[in-house]
Amino acid sequence: MPVETPAGETFRFDVLTIFPELLDSSLKEGIIRRAQEAGQIAIACHNLRNYALDKHAMTDDRPFGGGEGMVMKPEPLAAAVQAVQAMAPQPGRVILLSPQGRPYTQAVAEELAGQARLLLVCGRYEGVDERFTAQYVDEEISIGDYILTGGELAAMILIDSITRLRPGVLGCADSASCDTFSRGGLKYPQYTRPRLFEGVPAPEVLFSGDHAAVAEWRLVAAVERTFAKRPDLVAGMSFSPNELKILQRQGLLARLRESGWKSQLPENQ
Ligand SMILES: C[S@@+](CC[C@H](N)C(=O)[O-])C[C@H]1O[C@@H](n2cnc3c(N)ncnc32)[C@H](O)[C@@H]1O
């Protein structure tokens, strides 16, 4: 769902990374670029090497106790967080991108979109010194159970998914509210021109001009495809009272209940 916040407030992302140029091109295109131009979001990338203490701008060192790879040193990370926090009046929530963090979902994106400012710390190598995490990080977030070479792609994913939830960023106010995951399940199938593609027609109801019939078809199709593609999501789906009436008429309520879906209706309905 798009987030309710005072109109005109700019959401600020600060990205702390040793490779700021990795993010540059993706931040200059499409909706993210337009949201920056419109003042809906601001993104600042900070090079962690600028906060290194030695003349070689070292941000990593060998792990104590031996072992593979390098570990990001705590002092440049701590100095960067302190300096970057002071760059805007409102302190931001410090998020470390980490495969050990809270799994990132649309619900987490919605929660974070309700903040005003985020500092996204990108790890590299074998990760960051644990003392930095303990003392400076508010939360670790993982974008999935796999290992990336660095946190920059993960930071981009947070920026992208949070930005499109901010008020006014998407052209149509409703486009985020009917996306996959917004009601807990998947979005209905979509079609565009041509009406007939390789002998396969788009569903006839979509040309009927009957908005109620289209909405009903989409609701049923969304539920059917959630059953087919992501049955694990069915139990968490939510519906308006009117949608529940439609699902009941279409014979889908019983199937939903059998799948562990928590009914919002009394048992006898
Ligand atoms: C190679 S990984 C370090 C993995 C670490 N040695 C471990 O086993 O937990 C380097 C950096 O990439 C980022 N990263 C890797 N996988 C990630 C994931 N699934 N979600 C978010 N960030 C990730 C983190 O910032 C991490 O510090």
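Residues numbered from 1 in each chain as written. Predicted model: local features only at pLDDT ≥ 70, side-chain atom pairs only at ≥ 80, totals over all residues.

Regarding the overall build of the chain
Tallying secondary structure elements over the chain gives 10 helices and 9 strands in all. Taking all 269 residues of the chain together, the buried fraction comes to 26%. Considering only residue pairs separated by 6 or more positions, the chain has 78% of its internal contacts joining residues 24 or more positions apart. (Helix = DSSP H or I, 4+ residues; strand = E, 2+ residues; numbered from the N terminus. Buried ≥ 20, exposed ≤ 12 C-beta atoms within 10 Å, placed from the backbone. Contact = placed C-beta atoms within 7 Å.)

Looking at the nonpolar core
In terms of nonpolar packing, the biggest core is built from 44 residues, with Leu16, Ile95, Leu97, Leu119, Leu120, Val121 and Ala155 touching the most fellow members. Among the elements that line this core, the one with the most residues is helix α6 (residues 152-163), at 6 residues. Ignoring anything within four residues of it in the chain, the contact list for Ala155 reads Val15, Leu97, Leu120 and Cys122. Grouped together as the second largest cluster of nonpolar side chains are 9 residues, Leu186, Leu253, Leu256 and Trp261 included. (Core = buried A, V, L, I, M, F, W, Y, C linked by C-beta atoms within 7 Å.)

With respect to the site of the ligand
In the vicinity of the ligand lie 20 residues, with Leu97, Gly123, Leu148, Gly151 and Ala154 positioned nearest. When residues in the shell around the ligand are grouped by element, the largest group, 4 residues, is from strand β5 (residues 93-103). Residues belonging to the shell around the ligand are distributed by class as follows: 9 nonpolar, 9 polar and 2 charged. (Near = placed C-beta within 6 Å. Nonpolar A, V, L, I, M, F, W, Y, C, P; charged D, E, K, R; others polar.)

Some words on the pairing of β5
Here β5 pairs with strand β6 (residues 117-122) via 5 bridges, running parallel. The residue of β6 that forms the bridge with Leu97 is Cys122. Traced from β5 through helix α4 (residues 106-113) to β6, the parallel crossover comes out right-handed. The sheet contact formed by β5 and strand β7 (residues 139-142) spans 5 bridges and is parallel. If you follow Pro103 over to β7, its bridge partner there is Ser142. (Pairing = 2+ DSSP bridges. Right-handed = clockwise from strand over helix to strand, strands pointing away.)

Details of the sheet that holds β6
In sheet architecture, strand pairing relies on hydrogen bonds along the backbone and comes in two forms, parallel and antiparallel. Strand order in the open sheet formed by 5 strands is β2-β1-β6-β5-β7, with parallel pairing between adjacent strands. The strands lining the two open edges of the sheet, one partner per strand, are β2 (41-47) and β7. Adjacent strand axes in the sheet meet at a mean angle of 30°, parallel and antiparallel pairs treated alike. Looking at chain direction, strand β1 (residues 11-17) and β6 are connected through 5 bridges and run parallel. Bridged to Asp14 within β6 is Leu119. Seen against the sheet, helix α3 (residues 74-85) touches β1, β2, β5 and β6 and runs at an angle of roughly 160° to β1. (Axes fitted to C-alpha atoms, helices over the stretch in contact; angles between N-to-C directions.)

A look at helix α7 (residues 211-229)
For α7, which comprises 19 residues, the first-to-last C-alpha distance of 26 Å matches the rise-based estimate of 27 Å (1.5 Å per residue) to within 8%. Those residues of α7 lying buried are Leu219, Ala222, Val223 and Thr226. Projected onto a plane normal to the axis of α7, the buried residues spread over an arc of 90° and lie on a single side. α7 presents Ala213, Ala228 and Lys229 as exposed residues on the side facing more than 90 degrees away from its buried surface. On its buried side, α7 packs onto α8 (231-234) and α9 (241-249). (Expected span 1.5 Å × (residues − 1). Arc of directions from axis to C-beta.)

Focus on the domain arrangement of the chain
Along its sequence, the chain is organised into domain 1 (11-163) and domain 2 (178-269). Just the C-alpha atoms count here: the centres of domain 1 and domain 2 sit 38 Å apart. (Domains from an automatic or database assignment.)

Side note on the packing of helix α2 (residues 30-37) against α6
At their nearest, the axes of α2 and α6 sit 10 Å apart, and the two run at 65° to each other. As far as their axial angle goes, α6 and α2 are roughly perpendicular. In this structure, α2 crosses over α6, and the sense of that crossing is left-handed. Touching Ile31, Ile32 and Ala35 of α2 are Ile159, Asp160 and Thr163, all from α6. Within the contact of α2 with α6, the residues separate by chemical class into 4 nonpolar, 1 polar and 1 charged. (Parallel < 35°, antiparallel > 145°, perpendicular 65-115°, else oblique. Left-handed = near helix turned anticlockwise from the far one by under 90°.)

Details of unusual backbone geometry
Cis peptide bonds are those with omega within 30 degrees of zero, and the linkage from Arg193 to Pro194 qualifies with 5°. By the element assignment, Pro194 lies in the loop between α6 and β8 (196-197). Even without glycine at this site, Ala57 takes up a positive phi of about 55°. Mapped onto the elements, Ala57 comes out in the loop between β2 and β3 (60-61).

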